[in-house]
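One letter stands for each residue in the lines below.
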Amino acid sequence: MPKSTAACNAILALIYNATPWANIADNAAASPITTIPVALATASYSAASTLSSNETAYTNYVRQTTARTTSGWTAPSGGSTSNVAAIEYPQCGVTGATITSAAAGKGAGASEIFHYGDLNAPIAVSNLIQPRFPVGAVTITEA
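Everything numeric in this text was worked out from a predicted model, so none of it was measured.

**Q** Would you take a moment to explain the overall build of the chain for this structure?
**A** Looking only at helices and strands, one finds one helix and eight strands in the chain. Counted from the first residue to the last, the chain has its helices and strands arranged as α-β-β-β-β-β-β-β-β. A compact globule built from 143 residues would reach a C-alpha radius of gyration of about 15 Å, and the chain, at 15 Å, matches this within 12%. Across its three principal directions, the C-alpha atoms of the chain cover 50 × 35 × 30 Å. In the structure as shown, the chain presents an accessible area of about 7,300 Å², 56% of it carried by carbon and sulfur atoms.

**Q** Help me understand the sheet that holds strand E6 (residues 113-125), please; the structure alone is not making it clear to me.
**A** Consider a sheet: its strands pair through backbone hydrogen bonds, and that pairing is either parallel or antiparallel. The sheet built from four strands is open, its strands ordered E2-E1-E5-E6 with antiparallel pairing. Whereas interior strands pair on both sides, the edge strands pair on one side only; in this sheet they are strand E2 (64-67) and E6. Direction aside, neighbouring strands of the sheet carry axes that sit 25 degrees apart on average. By the bridge criterion, four bridges tie strand E1 (residues 35-41) to E2 in an arrangement that is antiparallel. When the sheet's bridge partners are listed, Ile36 is paired in E2 with Thr66. Each of E1, E2, strand E5 (97-105) and E6 touches helix H1 (residues 5-17); the most contacted strand, E6, lies at about 75 degrees to it.

**Q** I would appreciate a short explanation of unusual backbone geometry in the present structure.
**A** Trans peptide bonds make up most of the peptide bonds, and negative phi angles are found at most residues other than glycine. With phi around 60 degrees, Ala18 is a residue other than glycine that occupies positive phi space. Accessibility expressed as a relative area gives 23% for Ala18, which makes it partly exposed. Even without glycine at this site, Asn60 takes up a positive phi of about 85 degrees. Relative to the helices and strands, Asn60 is located in the loop between E1 and E2. With relative accessibility at 47%, the residue Asn60 sits in the partly exposed group.

**Q** Help me out: how do you make sense of the pattern of salt bridges in this one?
**A** One side chain can pair with another of opposite charge once the charged atoms of both are near each other. Per the counting criterion, the structure on display carries four salt bridges. Of the charged contacts in the structure, one is a salt bridge between Glu142 and Lys3, with a shortest N-O distance of 3.2 Å. Of this pair, Glu142 sits in the segment after strand E8 (139-141) while Lys3 is found in the segment before H1, placing the two residues 139 residues apart along the sequence. Note on Glu142: relative accessible area 16%, which makes it buried. Two residues, Arg63 and Glu55, come together in a salt bridge whose shortest N-O distance is 2.8 Å.

**Q** Explain the nonpolar core here, please?
**A** Tyr16, Leu40, Tyr58, Trp73, Tyr89, Phe133 and Ile140 are the most contacted members of the largest nonpolar core, which totals 26 residues. Residue assignment for this core shows that the elements contributing at least two residues are H1, E1, E5 and E6. Once residues lying within four places of it in the same chain are set aside, the contact partners of Tyr16 are Ile36, Ala67, Arg68, Thr69, Trp73, Thr81, Ala104, Phe114, His115 and Ile140.

**Q** How should the packing of aromatic side chains be read in this particular structure?
**A** Where two aromatic rings form a pair, the distance of their centres and the angle of their planes describe that pair. Going through the model one piece at a time under the given rule, you end up with six aromatic pairs. Aromatic ring contacts, followed pair by pair, group Tyr58, Tyr61, Tyr89 and Phe133 into a single cluster.

Conventions used here
The numbers attached to residues start from 1 for each chain and follow its sequence in the written order. Per-residue local features of the predicted model are confined to residues with pLDDT of at least 70, and side-chain atom pairs are confined, for both listing and counting, to 80 or more; whole-chain, interface and lining totals are unaffected and use all residues. Hydrogens and water are ignored here; the side-chain numbers use all heavy atoms of the structure. Labels follow the DSSP assignment, with helices taken as runs of H or I lasting at least four residues and strands as runs of E lasting at least two, numbered in each case from the N terminus. Each radius of gyration reported is based on C-alpha atoms, and the globular scaling rule is 2.2 Å times the count of residues to the power 0.38. Using a 1.4 Å probe, the Shrake-Rupley method yields the accessible areas, and only the shown protein chains count as cover for residues. Only strands that DSSP links by at least two bridges are regarded as paired with each other. Axis lines are fitted to C-alpha atoms, over the contacting stretch for helices. Their N-to-C directions set the angle, which ranges from 0 to 180 degrees. In this analysis, two residues are considered to be in contact whenever any of their non-hydrogen atoms come within 4.5 Å of each other. Buried means the residue's accessible area, taken with a 1.4 Å probe over protein chains only, is under 20% of the maximum for its type, while exposed means over 50%, and partly exposed covers the values in between. Within this document, salt bridges are pairs made up of a side-chain nitrogen of Lys or Arg and a carboxyl oxygen of Asp or Glu, the two lying within 4 Å of each other. Buried residues of nine kinds, namely Ala, Val, Leu, Ile, Met, Phe, Trp, Tyr and Cys, make up a nonpolar core once their side-chain atoms join them within 4.5 Å. Between rings of Phe, Tyr and Trp, where Trp is taken as its six-membered ring, a pair exists when centres lie within 6.5 Å; planes separated by under 30 degrees are stacked, by over 60 edge-to-face, and by other angles tilted.

Written out as structure tokens, the structure reads:
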């Protein structure tokens with residue numbers, strides 16, 4: 001059964017902006033997460049994946065985090081949110097990889113994924129190449 005656009009916006013605002021969903025869900029008061037890591041992968045994610053599934057390991061790679069506020073992700077509209085600032089990964093050293101997918105999730109290591117998807121086009125990362133998503137390039141849609 002589909003969700004309404006208002007419900008999709010509320011879910012996205014709760015996850016990406018830490019905005020409570022009135023009478024349904026509140027942001028954790030004691031120790032809420034304050035950033036959302038975005039991981040890059042060399043193969044597609046699935047519903048059973050974690051952030052470390054197929055995660056790239058090119059030289060110098062580390063996940064990048066975005067603020068869990070409207071300074072990190074836009075206020076949801078039409079059931080979607082997108083990155084407010086560019087998401088820039090470290091420049092590749094000696095060993096490269098081909099990036100095909102990305103995922104946003106909860107934390108470090110094999111943590112849970114909130115949303116995932118394949119890139120529109122693979123990114124061939126080699127020595128001196130720096131993967132980067134410009135402002136608004138990462139669009140997350142709740143369906």
